[in-house]
Amino acid sequence: MKLHKVSAYITKNVNRDSRLHSNGLIRRKRNLKPSRTAAALFLAAASANAGDECNNDAVGGKELADKIMAFQHNRKRQGMQYRIIAADEHESMAGKMEEIYPDRFTFHKTSWGKFPDGTDNIEIGGFTPHNLISGEHVLFLASFHNNDSTLSQFQVMICLLQSFIESLTVVLPYYPVGTMERVTKEGIVATAATYAHMFSSLPSCGRPTRLMVYDLHTLQNRFYLHGNSVASLHSSIPLLKERLRASNIDCVAFPDDGAAKRFAAMFQDMGMEIIVCGKTRGDGDSRNVAIQDGDAKGKHIVIVDDLVQTGGTLFECGKVLKDAGALTVNAFVAHAVFPNRSWTRFALGGDRACFDKFWVTNSIPTVTDVLPKDDVFEVLKLTQQIIDDLDLYSSS
């Protein structure tokens, strides 16, 4: 069989398998070997026939071997099974993961109780009446939405790592201390460094704990981790791009140069026009948002940033774009922090209601679960993105 035909067939079927897997169409049964797809069967048959040609064409043979190994490696990753432990706030996500891929994920509900004196009374699921956790790969869905909850979840992580598990992967969609990685005054606590020390000091189960974080505000935070924890950085931008392909939006704007440098390259494949805004000095100490690069006239625009707090800069950016002739202005942020229900100002009837659509992810469910349904807000679910990224080991 011709080598180029073997290679083309493998490429076609590897891509097909990846697509089917991400859509939930390839299933695997526990305690059974994964069913062999057409590509796998073809590889077995083609290896002998391709052997002589590989000897005559070393380059082609190496390419074929690389594709075979990539196929087998992807199959192995996608076949890993996980026991899920989840913070209260992510239990619905855990249940959904198990529902979509029951062959890969088993969710064990944890009791996050308190004693009368306020200390933790936690019982991790999956240990009784039989221990189903030890010796398994564990996926922990974390939510650090307040200090009390954070400490409770660290206690669970320590207990899991001391329970002879095979590996621990912590999914922390929103890293809440990402903006406190440095200080300008002695005595101020850099909480990003504190959290990094806590993660780095976790017990070892024989391999580092993998910490999956989405759209980390300051990327250098990952270098604060050392020892027993390694950061795995991911982005929720693919979720937004799905929405943009189904919309009439033709322009992406960024509220500052930092956001542009970080996210602009992710939209290159969509042919979107780019606008960069920024703050300029006004009278006295005032700062005004202005368009620094690009033209908003006649455009359907989405402003992209990693997080929103009170949203002052986001609002000013939206106003400037509309004043410059934008037909519609929308917003996307990965993390809807919105302290003190500041989202109400962007809702219909609010004094900052300038956006036609406001997309956020459910990285902070304590906030997004209370956003009004029939309003400008749309919550993009991270569930499938996390499942896809689970098989992609990335640090950038």
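The coordinates are above.
Residues numbered from 1 in each chain as written. Predicted model: local features only at pLDDT ≥ 70, side-chain atom pairs only at ≥ 80, totals over all residues. Heavy atoms only, no water.

Description of the overall build of the protein
Convention followed: Strands here mean DSSP runs of E at least two residues long; helices mean DSSP runs of H or I at least four residues long; both are numbered from the N terminus. Should any heavy atoms of two residues lie within 4.5 Å, those residues are counted as being in contact. Using the Shrake-Rupley algorithm and a 1.4 Å probe, accessible areas are obtained, with residue cover drawn only from the displayed protein chains.
If you tally the helices and strands in the protein, you get 11 helices and 15 strands. Residue pairs at least 24 apart in sequence account for 69% of intrachain contacts in the protein once pairs closer than 6 positions are excluded. Only carbon and sulfur atoms are counted for the fraction: they give 52% of the accessible area of the protein, which is about 19600 Å².

Things to note about the layout of surface pockets
In plain terms, the rule: Two kinds of site are reported from a 1 Å grid over the protein atoms alone, namely cavities, where a 1.4 Å probe fits but cannot get out, and pockets, open sets with protein on both sides within 12 Å along at least five of seven lines, and residues are called lining when an atom falls within 4 Å of a point. Grid points are joined across faces, edges and corners, and a volume is the space filled by probe spheres set on the points.
The space that makes up the second largest pocket amounts to roughly 230 Å³. As for the second largest pocket, its lining consists of Leu239, Glu242, Arg243, Leu380, Lys381, Gln384, Gln385 and Asp388. Elements with a minimum of two residues in the lining of the second largest pocket: α7 (237–245) and α11 (383–390).

Some details on the sheet that holds strand β7 (residues 209–214)
Strand pairing in a sheet takes place through backbone hydrogen bonds and is either antiparallel or parallel in direction. Which entries qualify depends on this criterion: The pairing criterion is simple: DSSP has to find at least two bridges between the two strands. All axes are obtained by fitting lines to C-alpha atoms, using only the stretch in contact for helices, and the reported angles, taken between N-to-C directions, cover 0 to 180 degrees.
Reading across from one edge, β2-β1-β5-β6-β7-β8 is the order of the six strands in this open sheet, with parallel pairing throughout. This sheet does not close on itself; its edge strands, each paired only once, are β2 (105–107) and β8 (229–234). Adjacent strand axes in the sheet meet at a mean angle of 25 degrees, parallel and antiparallel pairs treated alike. Inspection of the sheet shows strand β5 (residues 137–141) paired to strand β6 (residues 167–172) by five bridges, in the parallel sense. From the neighbouring strand, leucine 139 faces β6, where its bridge partner is threonine 169.

Regarding the packing of helix α4 (residues 91–100) against α11
Put simply, the rule is: Crossing handedness is defined as follows: a turn of the near helix away from the far one that is anticlockwise and smaller than a right angle gives a left-handed crossing, while the clockwise case is right-handed. Only Asp, Glu, Lys and Arg are considered charged in this grouping, and only Ala, Val, Leu, Ile, Met, Phe, Trp, Tyr, Cys and Pro are considered nonpolar; every other residue, Gly among them, is considered polar.
Where α4 contacts α11, the two axes come as close as 10 Å, and the packing angle between them is 65 degrees. Remark: the crossing between α4 and α11 carries right-handed chirality. Residues Met93, Lys96, Met97 and Ile100 of α4 pack against Thr383, Gln384, Ile386 and Ile387 of α11. Among the residues making up the contact of α4 with α11, the classes are represented as five nonpolar, two polar and one charged.

Quick notes on the packing of aromatic side chains
Note the cut-off: Any two of the Phe, Tyr and Trp rings considered here, Trp counted by its six-membered ring, make a pair once their centres fall within 6.5 Å; the pair's planes then place it as stacked at under 30 degrees, edge-to-face at over 60, or tilted in between. Only protein chains enter the accessibility calculation, which uses a 1.4 Å probe. A residue is then buried if its area is under 20% of the maximum for its type, exposed if over 50%, and partly exposed in between.
Scanning all chains against the criterion turns up 15 aromatic pairs. With a centroid separation of 6.1 Å and an interplanar angle of 45 degrees, the aromatic rings of phenylalanine 338 and phenylalanine 346 are classed as tilted. The exposure class assigned to phenylalanine 338 is buried, which follows from its relative accessible area of 3%. Three or more aromatic residues joined by ring pairs form one cluster here, namely Phe338, Trp343, Phe346, Phe355, Phe358 and Phe377.

A word on the side chain of serine 236
In plain terms, the rule: Identification of polar contacts relies on pairs of N or O atoms within 3.5 Å, with a donor-acceptor requirement for protein atoms, meaning one able to donate a hydrogen and the other able to accept it, and with residues adjacent in sequence counted only if both atoms are side-chain atoms.
By the element assignment, serine 236 lies in the loop between β8 and α7. For serine 236, a relative accessible area of 1% gives the class buried. Within the local environment of serine 236, its side chain forms a polar contact with the side chain of aspartate 215, the two groups lying 2.7 Å apart.

Section: the state of the cysteines
Inclusion rule: Note on terminology: disulfide denotes any pair of cysteine sulfur atoms within 2.5 Å.
Following the criterion strictly, the structure yields zero disulfides and no others. Here cysteine 251 stays free of any disulfide, with the sulfur of cysteine 277 as its closest cysteine sulfur at 9.3 Å. Under the relative-accessibility criterion, cysteine 251 is labelled buried at 0%.

Quick word on α7
Restricting attention to buried positions, one finds in α7 the residues Ile237, Leu239, Leu240, Lys241 and Leu244. Residues of α7 that are buried sit in contact with α8 (257–263), β12 (300–308), β13 (328–336), β14 (358–361), β15 (377–380) and α11.

Notes on the packing of helix α5 (residues 147–161) against helix α6 (residues 191–200)
Here is the rule: Orientation categories follow fixed angle ranges, with anything under 35 degrees roughly parallel, anything over 145 roughly antiparallel, 65 to 115 roughly perpendicular, and all other angles oblique.
Packing of α5 against α6 brings their axes to within 11 Å, and their N-to-C directions diverge by 20 degrees. Relative to α6, the element α5 is oriented roughly parallel. Judged by the twist between their axes, the crossing of α5 over α6 is right-handed. The residues of α6 that touch α5, namely those facing Asn147, Thr150, Phe154 and Met157, are Tyr195, Met198 and Phe199. Here the contact of α5 with α6 is built from residues that sort into five nonpolar, two polar and no charged.

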